[in-house]
Amino acid sequence: MVQQHFLVVTFPAQGDIKPNLQFAKRLLDSGFSVTFRHQCITLATFPDGYDDLFKPGNNLEQYKSTIRRNGSKTLTNLIKASINGGHPFTCLVYTLLLPWTVEVACELHVASALLWIQPDVVLDIYYDYFNGLVDVKTRTSMTPHGFKEQIEALEAETNPKILVNTFDALEPYALRAIRKFNLVAMGPLMTSAYLDGKDPSDNSFGGNLFESSSVIYLLFGSIFVLSKKQKEEIIVGLLESRYPSLQVMRSRENGDKEEKEELSCKAELELQGMITLATGIHMVAFPQWTDQETNAKMIQDVWKTGVRVKINEQGTVGGGDIKRCFDLVLGDGEQGEGMRRNAKKWKEFSREAVMEGGSSDKNLKAFINRVRRLIIIYNNIQS
């Protein structure tokens, strides 16, 4: 009798790993075995050929070719080993930029589903772009071309199942925009402590040092590196706003001259409250690449939970504009109050979605039941 065993394959980037890990934990809570290390979850790794990590400026097509070559071989061996060990994988869930995993799964007769971790509207834009329905213009380093193979692979399937890190109330129209795809909301894929509360220990940090909504948290991801000029402008905006802050920015490589240069306002900024811990729900969008421009558009104009910075003629965002955004989001004016009301509204909607009987909870159970039916059919064939 074949038991339920999921294989979750993720692109090796922090922003991809976190939501995939949360999805794996939800599968685990539903009684499945999951290969993707966390507590009871089993870890299996595969080499991508980039031990020093992929960086902006690397050749994306070369990287994708390398990860396909190395990953396909490792994934094939892993699935075959699970079969030979008597505990075969019954479903493979894969993330962005890994369409080759579907080919491996099909060859070895394993069901598969894509977990789309960006907003669903981004997938819709990519689909329309590659089908000649829209043009994409951007002021950042975003490029949809890296997703061409992903869209082509989905179109080659019949009514592919796509699990999306969103919830029905957040993107009701986007989830119905592509009739050829079966788009199902599974999100938000966040830690339990801030959503359904089933596991209070499942959180990303240990406490709050400041009162709610009093600290600016700046996060620019694990890949993109800001220029020294842009960092200086951000610090100017922070100093003028006079709010305590925590900055999380990737360092430049060791030996890089620019990294050794001391930021002119660093000491003054530390006195203002640089080292702190906080969470926030209203945002200043500072798009740099990939889906971030679309996210910024949605944050400011659709969900109305924040504002977007303005890029000047030099290609940077000035300290004055950064302060303007902080004042709008954190100030007492009507626009700031409206953002806070909207942020609270979406927060409640997101919690409702993952609670028992919520839209994402129902969608997850329906997906699990579908996999279970496939297992029953497989067991009957084997017997």
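Predicted model only: the values in this text are computed from it and were never measured.

### Quick look at the sheet that holds strand β5 (residues 161-164)
For step 1, the next point in the chain: Taken in spatial order, the six strands make up an open sheet running β2-β1-β3-β4-β5-β6, and their pairing is parallel. Two strands close off the open sheet at either side, each with one partner strand: β2 (33-35) and β6 (182-185). For this sheet the average axis-to-axis angle between neighbouring strands, irrespective of direction, equals 25°.
For step 2, the next point in the chain: In terms of strand pairing, strand β1 (residues 5-9) meets β2 through three bridges, oriented parallel. Among the inter-strand pairings, L7 is bridged to a residue of β2, identified as T35.
For step 3, the next point in the chain: Contacts from helix α1 (residues 14-29) reach β1, β2, β3 (91-94), β4 (111-116) and β5, with the element oriented near 175° to β1.
For step 4, the next point in the chain: Together, β1, β3 and β4 form the strand contacts of helix α3 (residues 100-107), whose direction differs from that of β3 by roughly 175°.

### Details of the environment of T316
For step 1, the next point in the chain: Relative to the elements of secondary structure, T316 occurs in the loop between β10 (306-308) and α10 (319-330).
For step 2, the next point in the chain: In this structure T316 comes out as buried when scored by relative accessible area, which is 10%.
For step 3, the next point in the chain: Between the C-alpha atoms of T316 and K229, which are 87 residues apart in sequence, the distance is 7.9 Å.
For step 4, the next point in the chain: With residues near it in sequence (within four places) discarded, T316 still touches K229, Q230, K310 and I311.

### Focus on unusual backbone geometry
For step 1, the next point in the chain: With an omega of 0°, the peptide bond running from G187 to P188 counts as cis.
For step 2, the next point in the chain: Summarising the element assignment, P188 is placed in the loop between β6 and β7 (216-219).

What counts and how
- Residues numbered from 1 in each chain as written.
- Predicted model: local features only at pLDDT ≥ 70, side-chain atom pairs only at ≥ 80, totals over all residues.
- Heavy atoms only, no water.
- Pairing = 2+ DSSP bridges.
- Helix = DSSP H or I, 4+ residues; strand = E, 2+ residues; numbered from the N terminus.
- Axes fitted to C-alpha atoms, helices over the stretch in contact; angles between N-to-C directions.
- Contact = heavy atoms within 4.5 Å.
- Buried < 20%, exposed > 50% of the residue type's maximum accessible area, 1.4 Å probe, protein only.

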